[in-house]
Each structure stands twice: as structure tokens, then as C-alpha cells.
Number of protein chains: 2
Amino acid sequence: MHIKARTRTSPDTAGPARHSAAGTPKRAAHSGCAGCLARPLAVCASIPATETQALEAVAGEVLLPAGATLAHEGDARREVYTVTRGMLRRVRLLPDGRRLVAGFLMVGDFIGFSGAPHYRHTLEAVTDCVLCVFPMQSMRSLCQRYPDLESGLLAQACSELDATRGSLMLLARLGPSERLAGFLVELAERQRRRGAPAGQVDLPMTRADIADHLGLTIETVSRSFTKLRQSGAVAFTDPHRIDLVDVPALRASAGL
Amino acid sequence: MHIKARTRTSPDTAGPARHSAAGTPKRAAHSGCAGCLARPLAVCASIPATETQALEAVAGEVLLPAGATLAHEGDARREVYTVTRGMLRRVRLLPDGRRLVAGFLMVGDFIGFSGAPHYRHTLEAVTDCVLCVFPMQSMRSLCQRYPDLESGLLAQACSELDATRGSLMLLARLGPSERLAGFLVELAERQRRRGAPAGQVDLPMTRADIADHLGLTIETVSRSFTKLRQSGAVAFTDPHRIDLVDVPALRASAGL
DNA sequence: CGTCCGTTTGATCTGTGTCAATCGCTGTGG
DNA sequence: CCACAGCGATTGACACAGATCAAACGGACG
């Protein structure tokens, strides 16, 4: 096997101050569903606007500065979340330091689709984030009271399954540039659904995050970017702002 | 990129007789939930035993000989299924013939967790199979009538998400032998939950299926098997019947 | 007995990981 | 204001794990 740990976050010397450098999460009172940007995108939409006080009654808010950790792999799961602002990454670390970014979470995404009693991934803020928190128990009773909420959760779980299965194809059978193309197209699509202009992608995460998401190295990701640029499929000056010039070509090369 | 098509099923010359060689599915009347081996494992368990007639009323049965296709990628999704006997594979093909086996479905597994209106994978029988069929519409009304059914579906969707995310780590960051180890322990675990003796795995699928599931070639899968055998982690004479000699070692090498 | 197919094993080739150097931007201190 | 340190991104040279090519083996079936 290749792929050994390098620039990796060192194999977690499980000391006291686990929230490494960056800031720490801050709790706050819930600021109300009325003006929430995520509501139309999130499962909360399954609860009628006239009944949002049922949500607000049990919800809290979490402010998460970029780089901070929301939850650690292995921690007991007691709460579920909806992302209200910003982007997070779902990270898993192997003992030898190899890192996987299992996915990126964006506004409206629900965190809590798991049967496991403990987190299976560490959740880290890529940018400054705001999240809605619900105790799992409250979420369960809300589901009983509003069956539509449970349907909504099921629907969102299904679409997350679809997306995750899509990643399987990327990782198992596509080459580096194809993976990157697929990643960019999918991210652009998610951002477009959130109101961003089509044909552009924001990449707040680092190349290392992308590499660990696509099963590549930083260098290969970088080379793949230049390759896509040279082929005219994408364009960019800022490495975190990509223009998708030839979406059909990108889609085709990712097998879509 | 490497990984080009070779032994692959030829890029689907979308002719009329798409159900290639093997047999074709046969429909039958539902044979009753009472003696169903899958019931305790499947979501059907969410409906009380006294009410199974509600299921039987809308369910049908499908008999699927090994090699036959249940549904094709791209077909409209009109039904959902529960596997009652046998094993299926979930396959996706790229235009150039590269193949992905996104997963294997076993007794009790539910087929129908997707938000898409069309199948995103072809479903093929690895062994002779029997499935319970439900029109999607009937499933929806059953969910309304039995909220526990929807909870059960959500729970199963979550555990499928957990499993799929586990595959991400295998594919993105583990070497061939590690992937194989992870695959074997996970399969053993699923079979154990279904009553099989621990420490053994049945592999009805071919090496090609395993390779396309793990993002490898047949040859590398074979070599990884011999490596695991030489290291004493597994033992076998029949290539389709593996003894897991050192489960802790297997789990460790897969990062579990 | 011979063909077929899946599996295993061996030899070679190549893409991508590894090692290393440079570039560019940001923030800090003199 | 400029010099410098630090970090992320990019580019280049090289090595090796795993893909490719090739052949042999073994069981199933006619």
C-alpha cells in the first residue's frame, strides 16, 4: 500500500485540550425560525410555519468558528443538528494518521443520520458556522407529533444515501481528474440549489481536505486542477473560486 | 488514470434483450408473512404480527434466478423490495465499461432508499433470490397508517448510510489487503446477524464482483487473499468459503 | 477427455504517491 | 514601510504499488 500519513494532523495524542488550536463552540439561545435562511432547505420545512414554536421551544443554537470541532468521533451522540450557516467537514482518522473527509455539510444539511450510539466521524467547521441543535430525545417526540417531519428526515436520508453512493463510484473507479470533476460538479449543484450562481464553485476547504475527500494526495489534487484548467474545463485565479467552463465535459468525465 | 475496462460486461449495447443470458424474474402471489425468514430482520417487523394482512394485501413475490436482473439503472422506480432469500448486487456501469459494485444485498435488506425517480443502479441476483415487492404508492400509504413502519425505514436507511460511509474509508484510504479485510469482517458481521456461525464468511459472488466493489482488479483481490492467508488472518480451500482466523487483526488492519 | 470459466500466480509497465523545491499571499516585527 | 516567517498551493524528479499482460491451474459440464 502507498498512502501513508504525512501532512496529517498528528495521530491524536488524546491529551486534555482536544479542541486543538482554533476556537471553541459557543452555545446560544435559538434565534427563531422566522428569518432562518436554512429553513426552506432543511427538514424543518416539514413543520408548518404556524407551528415553528414547537421547534424553537426545544432548539438551541451553536456558533462554531472556523477550525473548531462540533463533535469528536467516538463521543456519545446526544444531539442532532441542522446547519444554518457555513460549511463543516465530516472527518475520520486512522491510528496511523491517514485521514478521510467523508463529506462536507452545507446550509440546510441535517447532522444525525446514524444508527450508532457514538459519532462515527469528527465534525469540524471549515468556515465559521451556525447550527441549530436539538436533543435527540426532543427530535424523537417531534417526529411522533409531526409525522411529516419523519417523512422529511427519511427523504433527506435517502438523498444523502444517493450522494454517498455516488462518491463510491468516484473513489472506486475514477481517476484523479475525473474524481475532481465529479466533486466540483456535485458541489456546484449543491451550491446552486442554495441560490449560488450556476457555473461557479466556492471551495472554502483546503486542497488537503479535497485530497482526503477524494482519496488522493494534495499534489495530485493540484495537478488535476491544472490539468482541468489546461483542458479548458475549468478556470480560476483564486484557488478557492472555480469557474466551471465546460460543465458537460466535466459531467461526462465523472460518468454523469 | 489506470483502471480501464477489461473483463467487463460490454458497454451495454442497449439492444432489446437486455436481460442478457441468465433467467428472468418471475412474479408470484405473496406467500404470507407468517413463515417469512426475513421478517424479524426487515422493516416489516415494524408492523405488528397481528396486522401482517395489511402487508400481504399489497405485496407480491419475485423469484429471481442467479444472474438475472431485477431492475436496470435508469428504469423508472415504481416498486420497493425486501430481500427474502439470496443475495443481490447493486451495479453501476460507466460508458467505457468500468464497473462498480456499490453493495451487496442480503436477506432482510430493503431496496428503495433513494430520492431519485429512476434507479441509479442495476440490481442483479448473485444467487437465486426471492423478494417481497411493494408498489411504492402502497408503501407510502402503509407508512401513513403505521408510523412505526416509517420509523423503521428511517432507522434502516441510517444504518445503510453508516455502512456506506464505512466503505468510503475503505476505498479512499486503505490498501488492497486492508480493503479486503474490512470487506470480509463486515460481511461476516452481517451474516452473523442473520444466524450464520461467527468466524466464517460465505462469498457467493465472484472475485470480479469483489474487485469492482473494492475498486481493485481481480488479480489484486486474489493476491490480497493469498497475502491474508499467508499472514494467518484467514484460511480457506474453497475460494467462496473463508474462515476468519484472526478477526482482531482483520479489524485492526481495516481501521476498526 | 476436452472445453469453459473462475481463480491463482508470474513478469512487466505506469500512474500516482513520495520527496523536494519554489511561488505567492498574509501577518508580524523591526 | 520593508524584511521575514509561515502556510497553502503548485511544479518537478523519482520510486513503487498496483494495473496490465500473460500463462497455468482446477473444477464443472458436455
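Residues numbered from 1 in each chain as written. Chains lettered and ligands numbered in written order. Predicted model: local features only at pLDDT ≥ 70, side-chain atom pairs only at ≥ 80, totals over all residues. Heavy atoms only, no water.

Looking now at the overall build of chain A. Along chain A, the regular secondary structure elements total 7 helices and 12 strands. Rg of the C-alpha trace for chain A: 19 Å, near the compact-globule value of 18 Å for 256 residues, within the 12% margin. When its C-alpha atoms are laid out on the principal axes, chain A stretches across 55 × 45 × 30 Å. A total of 256 residues make up chain A; the buried ones form 52% of that total. Partitioning the intrachain contacts of chain A with sequence separation of at least 6 by distance along the chain shows that 73% fall at a separation of at least 24. (Helix = DSSP H or I, 4+ residues; strand = E, 2+ residues; numbered from the N terminus. Rg over C-alpha atoms; globule rule 2.2 N^0.38 Å. Buried < 20%, exposed > 50% of the residue type's maximum accessible area, 1.4 Å probe, protein only. Contact = heavy atoms within 4.5 Å.)

Moving on, we get to the environment of A:Ser114. Structurally, A:Ser114 can be placed in the loop between strand E7 (110-111) and strand E8 (122-125). The spacing of A:Ser114 and A:Met139 is 25 residues in sequence and 14 Å in space, taken between C-alpha atoms. Excluding residues within four positions of it along the chain, A:Ser114 makes contact with A:Arg77, A:Arg120, B:Cys158 and B:Asp162. Of note is the side chain of A:Ser114, whose polar atom sits 3.0 Å from the side chain of B:Asp162. (Polar contact = N/O pair within 3.5 Å; in protein donor to acceptor, adjacent residues only side chain to side chain.)

Residues and elements named next belong to chain A. Taken together, 4 strands build an open sheet; the order of strands is E3-E8-E5-E6 and the sheet is antiparallel. Each having just a single partner strand, strand E3 (69-71) and strand E6 (99-105) make up the two edges of the open sheet. This sheet shows a mean twist of 30 degrees between the axes of neighbouring strands, independent of strand direction. Bridging between strand E5 (residues 88-93) and E8 involves 4 bridges; their strand directions are antiparallel. By the bridge assignment for E8, Leu88 is matched with Ala125. The strands touched by helix H5 (residues 207-214) are E5 and E6; relative to E6, the strand with the most contacts, the crossing angle is about 105 degrees. (Pairing = 2+ DSSP bridges. Axes fitted to C-alpha atoms, helices over the stretch in contact; angles between N-to-C directions.)

Turning our attention to the layout of surface pockets. To locate leftover empty space, one rolls a probe as large as a water molecule over the atoms. Volume-wise, the largest pocket comes out at about 1300 Å³. Lining the largest pocket are 44 residues; nearest its centre among them are A:Ser159, A:Asp162, A:Ala163, A:Glu186 and A:Arg193. Where the lining of the largest pocket is concerned, the elements lending two or more residues are E6, helix H3 (147-173) and helix H4 (176-193) of chain A together with strand E5 (88-93) and helix H3 (147-173) of chain B. Tallying contributions element by element places H3(A) first for the lining of the largest pocket, with 10 residues. Here the lining of the largest pocket is composed, by residue class, of 19 nonpolar, 11 polar and 14 charged. In terms of lining residues, the second largest pocket is bounded by 36 residues, among which B:Ser159, B:Ala163, B:Glu186, B:Arg190 and B:Arg193 are the most central. Take the lining of the second largest pocket: its biggest share by element is 10 residues, from H3(B). Of the residues contributing to the lining of the second largest pocket, the split by class is 13 nonpolar, 10 polar and 13 charged. Each of two domains, domain 1 (26-161) and domain 2 (174-253) of chain B, supplies a minimum of three residues to the lining of the second largest pocket. (1 Å grid on protein atoms, 1.4 Å probe; cavity = no way out; pocket = protein on both sides within 12 Å on 5 of 7 lines; lining within 4 Å. Points joined across faces, edges and corners; volume = space filled by probe spheres on them. Nonpolar A, V, L, I, M, F, W, Y, C, P; charged D, E, K, R; others polar. Domains from an automatic or database assignment.)

Below, the discussion takes up the pattern of salt bridges. The full count for this structure, using the stated rule, is 32 salt bridges over all chains. Note that A:Arg90 is salt-bridged to A:Glu160, the shortest N-O span being 3.7 Å. On the criterion of sequence distance, the pair formed by A:Arg90 in strand E5 and A:Glu160 in helix H3 is long-range, its members being 70 residues apart. Among the salt bridges present, the one from B:Arg192 reaches B:Glu189, with a minimum N-O distance of 3.2 Å. One end of the pair is B:Arg192 and the other is B:Glu189, both in helix H4 (residues 176-193) and 3 residues apart, which spans about a single turn. When salt bridges with common partners are traced through the structure, they connect A:Arg89, A:Arg99, A:Glu124, A:Asp209, A:Asp212 and B:Arg173 into a single cluster. (Salt bridge = Lys/Arg side-chain N within 4 Å of Asp/Glu carboxyl O.)

Residues and elements named next belong to chain A. For the coordinates displayed, the defined rule picks out 6 aromatic pairs over all chains. Measuring from centroid to centroid gives 6.0 Å for Phe104 and Phe183, while their planes differ by 50 degrees, and the two rings are tilted. Of this pair, Phe104 sits in strand E6 while Phe183 sits in helix H4, and the two are 79 residues apart along the sequence. With a centroid separation of 5.6 Å and 75 degrees between ring planes, the pair formed by Phe225 and Phe236 is classed as edge-to-face. Of this pair, Phe225 sits in helix H6 (residues 218-230) while Phe236 sits in the loop between strand E11 (234-235) and strand E12 (241-244), and the two are 11 residues apart along the sequence. Here the two residues Phe225 and Phe236 agree in accessibility, since each one is buried. When the ring centre of Phe236 is taken as reference, the NZ or CZ atom of Arg229 above it lies at 4.3 Å. (Phe/Tyr/Trp six-rings, centres within 6.5 Å; stacked < 30°, edge-to-face > 60°. Lys NZ or Arg CZ within 6 Å of the ring centre and 35° of its normal.)

Right, let's talk about the domain arrangement of chain A for a bit. All names here are of chain A. Splitting chain A by domain gives domain 1 (26-161) and domain 2 (174-253). When each unit is reduced to the centre of its C-alpha atoms, the spacing between domain 1 and domain 2 is 26 Å. Across the boundary between the two partners, domain 1 contributes 15 residues, which contact 12 residues of domain 2. Summing both sides of the interface, domain 1 and domain 2 together bury roughly 1100 Å²; the carbon and sulfur share of this comes to 58%. Its largest share of buried area at the contact with domain 2, domain 1 owes to Arg99, Phe104 and Met106, together 49% of the area lost on that side. The interface formed by domain 1 and domain 2 includes 5 salt bridges. Among the salt bridges present, the one from Arg99 reaches Asp209, with a minimum N-O distance of 2.5 Å. (Buried area = accessible area lost by both parts, 1.4 Å probe.)

A few words on empty space enclosed by the protein. The final tally for this structure, using the stated rule, is 4 cavities of 30 Å³ or more. Approximately 140 Å³ is the volume found for the largest cavity. Around the largest cavity sit 15 residues that line it, and A:Arg90, A:Ser114, A:Tyr119, A:His121 and B:Arg165 are the ones nearest its centre. Mapped onto the lining of the largest cavity, the elements with two or more residues apiece are E5 and E7 of chain A together with H3 of chain B. In the lining of the largest cavity, the residues fall into 5 nonpolar, 3 polar and 7 charged. Around the second largest cavity, the lining is made up of 13 residues, and of these A:Arg165, B:Arg77, B:Arg90, B:Ser114 and B:Tyr119 lie nearest the centre. Here the lining of the second largest cavity is built from residues that sort into 4 nonpolar, 4 polar and 5 charged.

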